[in-house]
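Examination of the molecular architecture
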Amino acid sequence: MKALLEVRRVSKKYGNGSTALSDVSFSIQEGEFVSIIGPSGAGKSTLLRCINRMIEVSSGEVVFQNVNVTKLGKKQLKQVRRTIGMIFQHYNLVNRLSVIENVLHGRLGYKSTLAGMLGLYNEEEKKKAVEILAMLGLQDQIYKRADQLSGGQKQRVGIARALVQEPKLLLCDEPIASLDPNASKTIMDYLKTISTTLGITVLVNLHQVDVALKYSDRIIGVNKGRIIYDGVPREMTSDMIHNIYGSETGDLLFDLGGENAG
Amino acid sequence: MITRSETKIKVKSFNKATLVIRMTLLVLVLVTLLGFFTFDYKGIHVFDGIVLTGQTFLTMFLEPHFSHFTFVELISKLFITIGLAILTTMLGAAISLFLALVAARNLASKTTSNIRGIIAVIRAVPTVLWVLIFAVAAGLGSVAAVIGMSFHSIGYLVKAYSESFEEMDDGVIEALKASGATWWQIVFQAVLPSSMTYLLSWTFLRFEINFTVAVAMGAAAGAGGIGYDMFMASVFYYDLREVGIITYFMLLFAILLEVFATRLKRKLRLNA
């Protein structure tokens, strides 16, 4: 196993002087399923977006597949971005387009500007999109408009759009924060399957501690822009969770259960 | 226990703004009254004037007839006016689309969004004035009308379009950017599909405005069309009855346009 992603001493300060991340370092191995947990405003989203440079870092570097992403020009950055899929809390689909059109958007980074503008995808790409949709159980929704889908279905379209990019890494920003428990489970199961069967590395921001404990190979706990926990779920203690969330015992709605109990 | 206060409870607080508004209204009322007492009526009595105006309207609309223009002529002139409206709307829409893309805050860089300022200036000057300004270079006529009307259409549509673009969900743009899509790809694959209904309905609204302006321009700038015929019928031939029939022609088209617009909007809403 080699490191797919290395984040080295990354800091992010916003113009108004507030610090979102300070001196964050970690590395992720290929095929790992890593969750980032922490309270709202801890910098989880910023951290995720610094990786594909949707947000520019203030200092430090992000190395993805041995390429220093922070130093890349516009064109190379686009090439890196197409190998990193991204999934969002609000799905971010184009509501007025069909499911398959939304999925094919994931191919835009591979196409010439003109072909992409006009939506000219080749048969291979379309076949790939249909295959992925079938894998995610959306074969009957292919020609539906995105706004006719339920939340869980929309998120699966979001996943399909990311997968059609043939990514090495999947960044998921609160993928289940707007979903009901059923749909949440479906989405997390799909993400886990993607990680184990397709070998795609998954980095996911989560609000639900129990979900993070259940699905991840590793958990990174963030508070006030700093990493304060980085380890396997098994070693996560109740005290540590309170540390991450800055809460007192009994203030949180979670149940460590099983081997983490006590 | 409730204590009763002797004074009435005020609902509105009295402040400087209300004082200014009240004073302004008072002054306006005084000026209006003063005006009525000091007008130079040139021997016309207000009551007689009203009756005569009514009679003119009755002749105009109850006894319309053709004398200097034939039915076919008027129809063809109507099409000239419609043509002027369509041409200026399309020219304006095509140019505005691109300008609006670089003017929309969520799509543009900081420097290009300065276009908004220039556009606001264009919009502030009325269409008729733009036509007259261009008439200096192009001479009074259809060329000046086309350029001037297109110019003001751009001012109007850039604002409408760019605000439609700004309405859209920033997350979608972020999602496509994160997958490595280029700016043009994002515009064509996400921005335009999302805002198409707004764009169409704004463009159609502008077409309606341009039609009325085209009528006026026919007369004021000699751009031809049914407006010019109306000008001739009223000022040159002083034929009230013919003015009446020309008005009916325009009214008919305006109603058709309105019916079509309502249907279009209903259809767009169904697809929205």
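Small disclaimer: the values here were computed from a predicted structure and weren't measured.

A few points about the sheet that holds strand β7 (residues 169-173) of chain A
Residues and elements named next belong to chain A. One open sheet holds the six strands; their spatial order is β6-β7-β8-β3-β9-β10, and the pairing between them is mixed. Only two strands of the sheet have a single partner each, and these edge strands are β6 (84-87) and β10 (226-231). The mean inter-strand angle of the sheet, taken between neighbouring strand axes irrespective of direction, is 15°. In the sheet, β7 pairs with strand β8 (residues 201-206) via five bridges, with the strands oriented parallel. Bridging from a neighbouring strand, C172 pairs with V204 of β8. Running over the sheet, helix α7 (residues 181-197) touches β3 (33-37), β6, β7 and β8 and is turned about 135° from β3.

Here's the deal with the pattern of salt bridges
Residues and elements named next belong to chain A. Following the criterion strictly, the structure yields 22 salt bridges over all chains and no others. E166 serves as the salt-bridge partner of K128, at 3.6 Å between the closest nitrogen and oxygen. Of the two residues, K128 is situated in helix α5 (residues 123-135) and E166 in the loop between α6 (151-163) and β7; the sequence distance between them amounts to 38 residues. The class of K128 is partly exposed, set by a relative accessible area of 30%. Exposure remark for E166: the relative accessible area of 42% places this residue in the partly exposed category. Where R145 meets D147, a salt bridge forms, and the shortest distance between an N and an O atom there is 2.9 Å. A network of salt bridges, in which partner residues are shared, links R107, K111, E125, K128 and E166.

Quick notes on the environment of A:R226
All names here are of chain A. Within the secondary structure, R226 sits in strand β10. Take R226: its relative accessible area is 48%, and that puts it in the partly exposed class. Along the chain, R226 and L77 lie 149 residues apart, while their C-alpha atoms are 26 Å from each other.

What counts, and at which threshold
Residues numbered from 1 in each chain as written. Chains lettered and ligands numbered in written order. Predicted model: local features only at pLDDT ≥ 70, side-chain atom pairs only at ≥ 80, totals over all residues. Heavy atoms only, no water. Pairing = 2+ DSSP bridges. Helix = DSSP H or I, 4+ residues; strand = E, 2+ residues; numbered from the N terminus. Axes fitted to C-alpha atoms, helices over the stretch in contact; angles between N-to-C directions. Contact = heavy atoms within 4.5 Å. Salt bridge = Lys/Arg side-chain N within 4 Å of Asp/Glu carboxyl O. Buried < 20%, exposed > 50% of the residue type's maximum accessible area, 1.4 Å probe, protein only.

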